[in-house]
Amino acid sequence: MDVIVGGGVVGLSVAWRMAREGRQVTVVDPAPGTGASHAAAGMLAPVSEVTYTEAPLLRLGMASLRRWPAFAAELSADAGLDEAAGPGAEQGPKRPGAGRGLNRPGAGRGLDLRSDGTLDVAFGADDLAALDELAAFMDKLGLPVERLTGRECRRLEPMLAPSVRGGLLAAGDAWVDPRRVTAALLAALERRGVPLVRARATGLLREGGREGGAVTGVRLDGDPAELRAERVVVAAGAWSAELAEVPVRPVKGQIMRLRSPQPLLGRCVRGTVHGSYVYLVPRGDGELVVGATQEELGFDTRVTAGGLYELLRDARELVPGVTELEVADVVAGLRPGTPDNLPVIGPSGTPGLAFATGHHRGGVLLAPLTTAILLGEESELAALCTPERFREIS
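Residues numbered from 1 in each chain as written. Predicted model: local features only at pLDDT ≥ 70, side-chain atom pairs only at ≥ 80, totals over all residues. Heavy atoms only, no water.

1. Overview of the overall build of the protein chain
- A tally of helices and strands in the protein chain yields eleven helices and 19 strands.
- Taken against the 2.2 N^0.38 rule, which gives 21 Å for 394 residues, the C-alpha radius of gyration of the protein chain at 21 Å falls within 12% of a compact globule.
- Counting only C-alpha atoms, the protein chain reaches 70 × 50 × 40 Å along its principal axes.
- Per-residue burial for the protein chain yields a buried fraction of 58% across its 394 residues.
- Intrachain contacts of the protein chain at a sequence separation of at least 6 include 73% that bridge at least 24 residues. (Helix = DSSP H or I, 4+ residues; strand = E, 2+ residues; numbered from the N terminus. Rg over C-alpha atoms; globule rule 2.2 N^0.38 Å. Buried < 20%, exposed > 50% of the residue type's maximum accessible area, 1.4 Å probe, protein only. Contact = heavy atoms within 4.5 Å.)

Structure, rendered in structure tokens:
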């Protein structure tokens, strides 16, 4: 039996795919679906999130995005979302361009999965200069982006401020509602009879009780006090380092959800305002997600006035109408960061122990690829994520 420690989108996805393969699996988490996955915006945006030093992460993101349509369709079927939605049902209001790509029927409509692209915009002159440099970098990488003037940006998104100077359209980017994804994964696991132990894993069981020995299960803070396993997969996000030796740290992110009867935006908008980054992600039900701060404050999950002020300040510069929306939710989550910003996926080097953690901002995007690596379906990209790379550095 495999034990998956962690009930976020990554851990639940791993457990679900293993169960689909006919393996015996148990999930351990005191409150599944309430951690970083609950706070995440759900952008599936490897192109618009590319940076100068993260080319390997771009490869992972692009590969995982290609897997998302099949992943979403299979998950929707297993969770019964297609039956609940009914034939031809769609989530949310129709907008120009809707129904393409990932939006097609059967590709996860119950997950609010869409592929209308990401519009990356610049507010000030310096922001526009930085965007021009990024566009040149993307062009060298051969990425499919379209350079737009401010007027062209507003033609796509009329609610953008007149002061927006220009932008880049990554038409292939997508997004999904992570809360719907985790709910669907829990439903799919329940349908397949996968046990869910709502307890905190406090440590690893070792063969003969020896430090460094083969892992044979996990210790729990509830009943039962121990859970034996042939393999333990640590997918505990920012808390993974508390169980095993893996260089994962918490990176705090504050996010807010606004509500509107009619959607302000038809696609994801990422923007730079005087060097500060903000994104706005629309949901099919009229919700608008605004995020996210990035703070190195350890295991601090407080929502602060300063963090929310910064988000609203920058969001208002790009889309003035956000100040008229109702505040539906504010939350802070902890992303699991690593020294090289790449996830840690695969065997640990210790018999009986594997990792699926360290996804930082990309847990939702990389969930399909993570499961493929752990199931041995993706060998080429697995080398980028191997836990062994940190042992080689040390």
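And the narrative resumes.
2. Quick word on the pattern of salt bridges
- Summed over the entire model, instances satisfying the criterion amount to 27 salt bridges.
- In this structure, R20 engages D78 in a salt bridge whose closest nitrogen and oxygen atoms are separated by 2.8 Å. Here D78 lies in helix α3 (residues 55-79) and R20 lies in helix α1 (residues 9-20), a separation of 58 residues in the sequence.
- Look at R20 and you get partly exposed, because its relative accessible area is 32%.
- Residue class for D78 comes out buried when judged on its relative accessible area of 13%.
- Between R249 and E296 there is a salt bridge, with the nearest N and O atoms lying 2.9 Å from each other. Of this pair, R249 sits in strand β13 (residues 249-259) while E296 is found in the loop between β16 (287-291) and α8 (305-318), placing the two residues 47 residues apart along the sequence. (Salt bridge = Lys/Arg side-chain N within 4 Å of Asp/Glu carboxyl O.)

3. So, the packing of α3 against helix α9 (residues 363-374)
- Where α3 contacts α9, the axes come no closer than 7 Å and their chain directions differ by 85 degrees. As judged from the angle between their axes, α3 and α9 are roughly perpendicular. Contacts from L57, L60, G61, A63, S64, L65, R67, W68 and F71 of α3 reach α9 at V364, L365, L366, A367, P368, L369 and A372.
- Looking at the contact of α3 with α9, its residues break down into 13 nonpolar, two polar and one charged. (Axes fitted to C-alpha atoms, helices over the stretch in contact; angles between N-to-C directions. Parallel < 35°, antiparallel > 145°, perpendicular 65-115°, else oblique. Nonpolar A, V, L, I, M, F, W, Y, C, P; charged D, E, K, R; others polar.)

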